[in-house]
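Per-entry structural report
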Amino acid sequence: MRRITFGPPGTGKTERLLKTIEIFLRFRVEPEDIGYFTFSKNAAEVGKGRAATKFNKPLNRFPFFQTLHSFCFTQIGLDRTRVMQSKHYKQLGDDLEIEIEGGYTQDQDHEGVFNSDNPYLQLIHKARALMFDPMEYYDKYISDDTLIKRNKLKIIFDGLKRYKDEKSMVDFDDMLERYVNGYFDKETNQQIEYVPPKFKIIFLDEAQDLSLIQWNLFKKIEKQAEYSVVTGDDDQGIYKWNGADVDTFINLKGRRKVLKQSHRVPRKPFEVADKIIKKITNRVDKEYYPKDEDGSVKHCGTLHEIDFTKGKWLILTTANYMFEDIGDILDEKELYWQRRNATPRVKNVYEIIQKWNQLRTGIPLPYGDCKKIFNKMNKNWDKKLFNAMAKDKYYDIDTLKDKYGLKTEAEWQEALDELGDLDVKKILKLTKAGEDLSKDPRISVSTIHGVKGNERENVVVFPELSGKAYEQYMDDPDDTHRLFYVACTRTEKNLFIMEPKRRKAYDI
């Protein structure tokens, strides 16, 4: 039996899932008999932690709270050293004598998201996510005048297969394909097939983000389960560029329910988002209500018009290259901010300052913290004497001065003489303004694709589109409607819409 829950922004899908889990646990279903699969590693860990706390059971009793990629990895029994990383793609390029430009990273939170500026690697991943041979996908969907050349695609794709075979490596797509379809093990000369555990109940969250190969994996697991709960929101399906197939979720059969009350989005931002989402031609029609608060929507010409001195903020764009101009303005306004989840330089420096202040007050520090301080000193610490320190001990300031070459007990501005004047001035100004540099910044800059699952009381949206994104918007607007719907529904209070500076932009 399958139940499908549609959860619009802020309607509490996770709480609903936990309540369902609680019901099953009451009927003596063991945690090990529950599968809880998510698109995000963080969501899986949060779900596991909340379930363990709520039901007073240890974390190891919930082994199947994981992403679908993680499930395949553990079920197949892979070694992480055999998983393709950026260095392996670089080596592949060297072997082929073709520059694999653009690099490669697997999203740290969303294992199903393949990040590469290399159009060939991206196309290979997308084709496999949609269960196509990459060459067949190219012939069917890619035009002759594209920047991707067929012969180069074939060289890279064939070379990638050969490289993985020779090195006994796998990539994230291999994990799914092997578990779903089985594979021939050349070492044992046997066909290997995998059978999922027999779950009492399985949960699938963020279902709108699954690719076709992931849907096939889920349905294979579901066949072995007695009961399944699928949750998501087709209106928030923004990973089509990565191979996600929102139509499968839209057409999925089962008993349907819509969560009707948002606890996040206020009325005025809700009205903007509702107008956007009703432009989509293929969606599940669902009625839900904003929270009982007006909030605000403001149109702004520049970031200089916005007062960022209080509250928490998300600044959202459609592309990474737009961050630079935004960062320049935030720095000019002397604000404490971060790029998505990257730790700001001033936060790292401030942590060293705190360690130095602890040392000055008589608190011994481990070698690792002493080394961080040493790295920010030039004339104030003798390098030769520092190298005599043992790495497994703690040191107080007197010992460091007497035996290991520390030459000062001055305030950090003087002692940490490797710090530049700009760092010193910025830290002093930020702390004077009341910013707590020991915590993450109040202001985060991110692409809309990178912000799924996040929310802030204030959200700023830039509507500009890259040239390629604008062409896709003109050709198939539904995906872009979904993208800006997600952006506008991140706010808990105030929505700021920036006036576009160029013609290629989305009309909010």
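A brief structural summary. Each chain has its residues counted from 1, following the order in which its sequence is written. Thresholds applied to this predicted model are a pLDDT of at least 70 for local features of residues and 80 or more for the giving and counting of side-chain atom pairs; totals over whole chains, interfaces and linings are not thresholded and use all residues. Each side-chain value is worked out from all heavy atoms of the structure, with water and hydrogens disregarded.

This part is about the pattern of salt bridges. Only one rule defines a salt bridge in this text: a Lys or Arg side-chain nitrogen within 4 Å of an Asp or Glu carboxyl oxygen. One pass over the structure, following the stated rule, counts 37 salt bridges. Note that Arg 128 and Glu 177 form a salt bridge whose closest N and O atoms lie 2.8 Å from each other. Of this pair, Arg 128 sits in helix 5 (residues 119-129) while Glu 177 sits in helix 8 (residues 172-181), placing them 49 residues apart in sequence. Partly exposed describes any residue whose relative accessible area lies between the buried limit of under 20% and the exposed limit of over 50%, with all areas from a 1.4 Å probe on protein chains only and scaled to the type maximum. According to the relative accessible area criterion, Arg 128 is buried, its value standing at 8%. Glu 177 gets classed as partly exposed once you look at its relative accessible area, which sits at 23%. Measuring nitrogen to oxygen at the nearest pair gives 3.4 Å for the salt bridge that ties Lys 355 to Asp 369. With Lys 355 in helix 13 (residues 345-360) and Asp 369 in helix 14 (residues 367-374), this pair connects stretches of sequence that are 14 residues apart. Connected through salt bridges with shared partners, the residues Arg 128, Lys 164, Asp 171, Asp 173, Asp 174 and Glu 177 form a single ionic network. Runs of H or I in DSSP of at least four residues are treated as helices and runs of E of at least two as strands, each being numbered from the N terminus.

A word on the packing of helix 3 (residues 68-76) against helix 9 (residues 212-223). Working convention: axes come from line fits to C-alpha atoms, limited for helices to the stretch in contact. Angles between N-to-C directions cover 0 to 180 degrees. One can describe the packing of helix 3 onto helix 9 by two numbers: an axis separation of 11 Å at closest approach and a directional angle of 60°. Pair helix 3 / helix 9 crosses with left-handed handedness. Contacts from Leu 68, His 69, Phe 71 and Cys 72 of helix 3 reach helix 9 at Gln 214, Leu 217 and Ile 221. Gly is placed with the polar residues, together with every amino acid not listed as nonpolar (Ala, Val, Leu, Ile, Met, Phe, Trp, Tyr, Cys and Pro) or charged (Asp, Glu, Lys and Arg). Its residues assigned to classes, the contact of helix 3 with helix 9 comprises 5 nonpolar, 2 polar and no charged. Crossings are sorted by hand: turned counterclockwise from the far helix by less than a right angle, the near helix makes the crossing left-handed, and turned clockwise it makes it right-handed. Whether two residues are in contact is decided by their heavy atoms, any of which lying within 4.5 Å being enough.

How two helices pack is summed up by the angle between their axes together with the distance between the axes. Orientation of helix 5 relative to helix 7 (residues 150-167), taken along the N-to-C sense of each, is 70°, at an axis distance of 10 Å. On the basis of the axis angle, helix 5 is roughly perpendicular to helix 7. Residue-level contacts link Tyr 120, Leu 121, Leu 123, Ile 124 and Arg 128 of helix 5 to Lys 152, Leu 153, Ile 156, Phe 157, Leu 160 and Lys 164 of helix 7. Tallied by class, the residues present in the contact of helix 5 with helix 7 amount to 8 nonpolar, no polar and 3 charged. In these notes the angle categories are as follows: under 35 degrees is roughly parallel, over 145 is roughly antiparallel, 65 to 115 is roughly perpendicular, and the rest is oblique.

Another aspect to go through is the side chain of Arg 456. Looking at the element boundaries, Arg 456 is found in strand 17 (residues 456-461). By the counting scheme adopted, Arg and Lys are positive, Glu and Asp are negative, and His together with the chain ends is not counted. We note that Arg 456 is buried and unpaired, the nearest opposite charge coming from Asp 440 at a distance of 6.9 Å. Setting aside anything within four residues of it in sequence, one finds Arg 456 in contact with Lys 312, Trp 313, Leu 314, Pro 441, Arg 442, Ile 443, Ser 444, Arg 490, Thr 491 and Glu 492.

Take it as geometry only, folks, not as evidence of what the structure does.
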